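An overview of the molecular structure
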Amino acid sequence: GASEAVAQAVAAARVQREWAAETTVAERVELCGRFLDALEADVDRVAADITAQMGKPLAASRGEVRGVRERAEAMMALAPASLAPEQLPEKPSFTRRIEKVPVGVVLAIAPWNYPLLTAVNCVVPAVLAGNAVQLKHSPRTPLCADAFERAFAAAGAPAGLVQALPC
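Described in the following lines is the structure provided in the data block. As the structure is a prediction and not an experimental result, all values here were calculated from the model. (Residues numbered from 1 in each chain as written. Predicted model: local features only at pLDDT ≥ 70, side-chain atom pairs only at ≥ 80, totals over all residues. Heavy atoms only, no water.)

1. Topic: the packing of helix H3 (residues 43–54) against helix H4 (residues 58–82)
Where H3 contacts H4, the two axes come as close as 8 Å, and the packing angle between them is 125°. Classed by the angle they form, the pair H3 and H4 counts as oblique. For the element pair H3 and H4, the recorded crossing hand is right-handed. Taking contact as the criterion, the partners of Val 43, Asp 44, Val 46, Ala 47, Ala 48, Ile 50 and Thr 51 in H3 are, on H4, Leu 58, Ser 61, Arg 62 and Val 65. (Axes fitted to C-alpha atoms, helices over the stretch in contact; angles between N-to-C directions. Helix = DSSP H or I, 4+ residues; strand = E, 2+ residues; numbered from the N terminus. Parallel < 35°, antiparallel > 145°, perpendicular 65-115°, else oblique. Left-handed = near helix turned anticlockwise from the far one by under 90°. Contact = heavy atoms within 4.5 Å.)

As structure tokens, this is what we get:
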């Protein structure tokens, strides 16, 4: 119910605050790389789940798992420069810069049609920026959120950093 969802969000926020304070962008990039390895190691199960849930041909489901790596690696390559502080032009008596800081817990709601490819576009950038993620998939593809949670757990993410929410 609602109280369980609130408790999950509070737990995610606690995990996120501690984890974000202890990790660098480089360490988050490494975590996302391990997530990709874990997801690909589970390709048979993930692809079979997608096919069973939505009827996508198994070869296309496997291709979607491969596509996650391509997208995530592009975001991982951009992260160090994108998340670095920006020094603004000097102004007398001021030091001006833009700091990129985590926001906390990100809620990602993913559609059914490309359940991994749409979700990775939110989950990986959020984790790279130091946020926790609660992922809710369409009722047509509920097991896809579980795949993200399993793969991040296998990658060594703190429990609750990436959570699958029930549909």
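2. Let's talk about the packing of aromatic side chains
Within the structure shown, the criterion is met by two aromatic pairs. Measuring from centroid to centroid gives 5.5 Å for Phe 35 and Phe 148, while their planes differ by 25°, and the two rings are stacked. Here Phe 35 is found in helix H2 (residues 25–41), whereas its partner Phe 148 is found in helix H6 (residues 143–154), with 113 residues between them in sequence. Overall, Phe 148 belongs to the buried group, its relative accessible area being 0%. Here the aromatic rings of Phe 35 and Phe 152 are separated by 4.1 Å at their centres, their planes lie at 10°, and the arrangement is stacked. Of this pair, Phe 35 sits in helix H2 while Phe 152 sits in helix H6, placing them 117 residues apart in sequence. Here the aromatic residues Phe 35, Phe 148 and Phe 152 are joined through ring pairs into a cluster of three or more. Directly above the aromatic system of Trp 19 lies the positively charged group of Arg 28, at a separation of 5.6 Å from the ring centroid. Geometry around Phe 94 places Lys 91 over its ring, the cationic atom sitting 5.3 Å from the centre. (Phe/Tyr/Trp six-rings, centres within 6.5 Å; stacked < 30°, edge-to-face > 60°. Buried < 20%, exposed > 50% of the residue type's maximum accessible area, 1.4 Å probe, protein only. Lys NZ or Arg CZ within 6 Å of the ring centre and 35° of its normal.)

3. Considering the sheet that holds strand S5 (residues 162–164)
Strand order in this open sheet of three strands is S3-S4-S5, and the pairing throughout is parallel. Here the strands that pair on one side only, and so sit at the sheet edges, are strand S3 (105–110) and S5. Each neighbouring strand pair of the sheet contributes to a mean axis angle of 20°, computed without reference to strand direction. Judged from the three bridges that link them, strand S4 (residues 132–137) and S5 form a sheet pairing that is parallel. Within S5, the position partnered with Gln 134 by the bridge is Gln 163. Together, S4 and S5 form the strand contacts of H6, whose direction differs from that of S5 by roughly 150°. (Pairing = 2+ DSSP bridges.)

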